[in-house]
Amino acid sequence: MKKILIVEDDMQLQQLYQESLVAAGFEVVMTETAREALTHLKSFHPNLIILDIMLPGGQNGFDFLEQIKRAEEYKSIPVWVLTNLDSERKTALSIGAAEYIEKANTPIEEVVKKVVAYLKPLGF
Amino acid sequence: MDTNALEEYKKFVKKRLAALTMVFEKAAVGDFENDIVLPQEEDEFTQLYVGMQVMLEVIREQLGELTDEIGHRRTIEEILRRREMEFKALAENAPDVIVRFDRNLRHVYINSAVERVTGKPAKEFIGKTNKELGMAKDLLDYWDSTITHVFTSGEACTIQYMFPSIDGSRHYESRIVPEYDEKGTIEYVLAITHDITDLKRAQEELQLIDRKKTEFLSFIAHQLRTPLGNIRWSIELLLKGGKYAVPQPVLEKLQGIHESNLRMIFLVNDLLDVMRIDEHKVTENSEPTDILSIIEQAIKDLQYEIKRKALVVKVEAQPDLIEPIMIDQRQCRDVMHHLLSNAVQYNKIGGSVTVGVVKKENSLEIVFRDTGIGIPPAEQHRIFEKFFRTSRALMNDTQGTGLGLYIVKSYVDRWKGSIQAHSVEGEGTTITVSVPLSVNAEA
């Protein structure tokens, strides 16, 4: 089963991710901070990371992204930035995000469709 | 000759000459006002008398003229003296520092205001150059080159700089103007220096307040997106039915909420777009973009109104001929949204919207054709103005910000594309947008 690690501190959004992605057939692990996500990465090997930029705990999404792109064992995991900031696309992609999606401007159906379309061909 | 006759003649001559003596005596002390009394009988002295009288009158006249001229000159000198005193009073009391430099860059005049700035009396500056007075190198170069420029070009210059006054480092502005003499040469330049520290501080504060205001609005807009986005996704999940299947009336309410929610999301987009455009902070990120999918999404976003008005919406394009174009996706999305939204919002019930996409040699042409209220001819040139809404639009619809086409035009201009509107009132409008195939990202 394909695995998705989500780094998102908004609780309502967590539920929405959980519901829609589990219904689409994915295993979802929810984390709220960069540190939590890093801890989980050690034991949970996701096929995709969905990452918010604004995070509590001292490290934001870009800090986390930079860190894992520098780490040998994690750098090949695709990371999608899902955010409501609309000015960080260039930055996100340059640090190594594979996708940049503006949450409020994208129907949830499209997000799910994109995830499915991305992970299916990877044959997990 | 008879001695008596000689004595008589001598008396006669003495008497005649005596008439002149008084006049000569007076003339010797500068009094030329006395006339020579001519004797009644004409004799050999008459010519002398007449000659002397004429001479007296000429002298009198010349003296008169000289006195007038001297008096005149004295008046002028007095006026000049008074003017100079007035000027000195002005210059000395002016809060600005007034300096006159000669061609050797020496101070030939400086008012007492300089003492308030430097703590040094004016007389310390006279005859010296700024270099001799110890002005710091960078500032000295700036001043000297400017003064020299005014001397050689005759152009007045204004410079701004910081100077260490006795109250600390302050901002100054100096206006340096040439002084022309009657021959048209520039012997001196005049520099009038004004303390602009307070003005600069006020300007900086204003800019700071403006920046903070924009940051605040931006922050609020972004904060709004979180709950708006959550509502959107929640409603969208509910609308999928399945375990969320609800009776039709509930479904309709949910759809209404979805529509209003989408409208709020679009308004926040507009707010952020307009703020960025007005602050010249638009960022570009050109990426390969599938314009057809953007148009499809725009249609989906407007599905409720399209359905409500029973509009027929068609996209005419040959997908295999339309390749991705290099363009900023967000800008492209906003443009397509607004053009489609106008085509829908001002359309009649049962009308149609056709979106045509045609690939041209170096560009993509996108045409939005609607059967709506149209644009009055007199107002067509104003449709891209910020906040402008046509009289027809205002009559038909209270919603609408007048920002859509302003945003569209801003982005189309950035892409170095073009946009044209053709409209027939009461029949419909056609908007044609031409986009270069590869939009260059600005640094």
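Remember, predicted model here, so these are calculated numbers, not experimental data. (Residues numbered from 1 in each chain as written. Chains lettered and ligands numbered in written order. Predicted model: local features only at pLDDT ≥ 70, side-chain atom pairs only at ≥ 80, totals over all residues. Heavy atoms only, no water.)

Q: Account for the sheet that holds strand β5 (residues 99–102) of chain A, with residues named and values stated.
A: Backbone-to-backbone hydrogen bonds join strands into a sheet, with any given pair of strands oriented parallel or antiparallel. Residue and element names in this part refer to chain A. Taken in spatial order, the five strands of this open sheet run β2-β1-β3-β4-β5, and their pairing is parallel. Each edge of the open sheet is held by one strand with a lone partner, namely β2 (27–31) and β5. This sheet shows a mean twist of 20 degrees between the axes of neighbouring strands, independent of strand direction. Of the strand pairs in this sheet, strand β4 (residues 79–83) and β5 are connected by four bridges, and their pairing is parallel. (Pairing = 2+ DSSP bridges. Helix = DSSP H or I, 4+ residues; strand = E, 2+ residues; numbered from the N terminus. Axes fitted to C-alpha atoms, helices over the stretch in contact; angles between N-to-C directions.)

Q: Could you give an account of the pattern of salt bridges, with specific residues and numbers?
A: Under the definition given, this model contains 33 salt bridges over all chains. Ionic pairing is found between R73 of chain B and E69 of chain B, a salt bridge with its closest N-O pair at 3.1 Å. Here the residue R73 of chain B and the residue E69 of chain B both occupy positions in helix α2 (residues 46–93), the gap between them amounting to four residues, near one helical turn. A salt bridge links R170 of chain B to D195 of chain B, with the shortest nitrogen-to-oxygen separation between them at 2.7 Å. Pair noted here: R170 of chain B is in strand β4 (residues 168–180) and D195 of chain B is in strand β5 (residues 186–195), with a separation of 25 residues, a long-range link. One connected set of salt bridges, linked through shared partners, spans D86 and E102 of chain A together with R225, D273, R276, R330, R333 and D334 of chain B. (Salt bridge = Lys/Arg side-chain N within 4 Å of Asp/Glu carboxyl O.)

Q: I'd like to hear about unusual backbone geometry, residue by residue, with values.
A: Residues and elements named next belong to chain B. Phi angles above zero are rare outside glycine, and L105 is one such case at about 65 degrees. With respect to the secondary-structure elements, L105 resides in the loop between β1 (97–102) and β2 (107–110). On the basis of relative accessible area, L105 is assigned to the buried category, the value being 17%. Phi angles above zero are rare outside glycine, and F387 is one such case at about 70 degrees. Mapped onto the elements, F387 comes out in the loop between β10 (363–370) and α10 (391–396). (Buried < 20%, exposed > 50% of the residue type's maximum accessible area, 1.4 Å probe, protein only.)

Q: Could you give an account of the confidence of the model for chain B, with specific residues and numbers?
A: Averaged over every residue, the pLDDT of chain B is 91; the share at 70 or more is 99%. At the level of chain-chain contacts, confidence expressed as ipTM amounts to 0.96, with global pTM at 0.70. (pLDDT = per-residue confidence, 0-100.)

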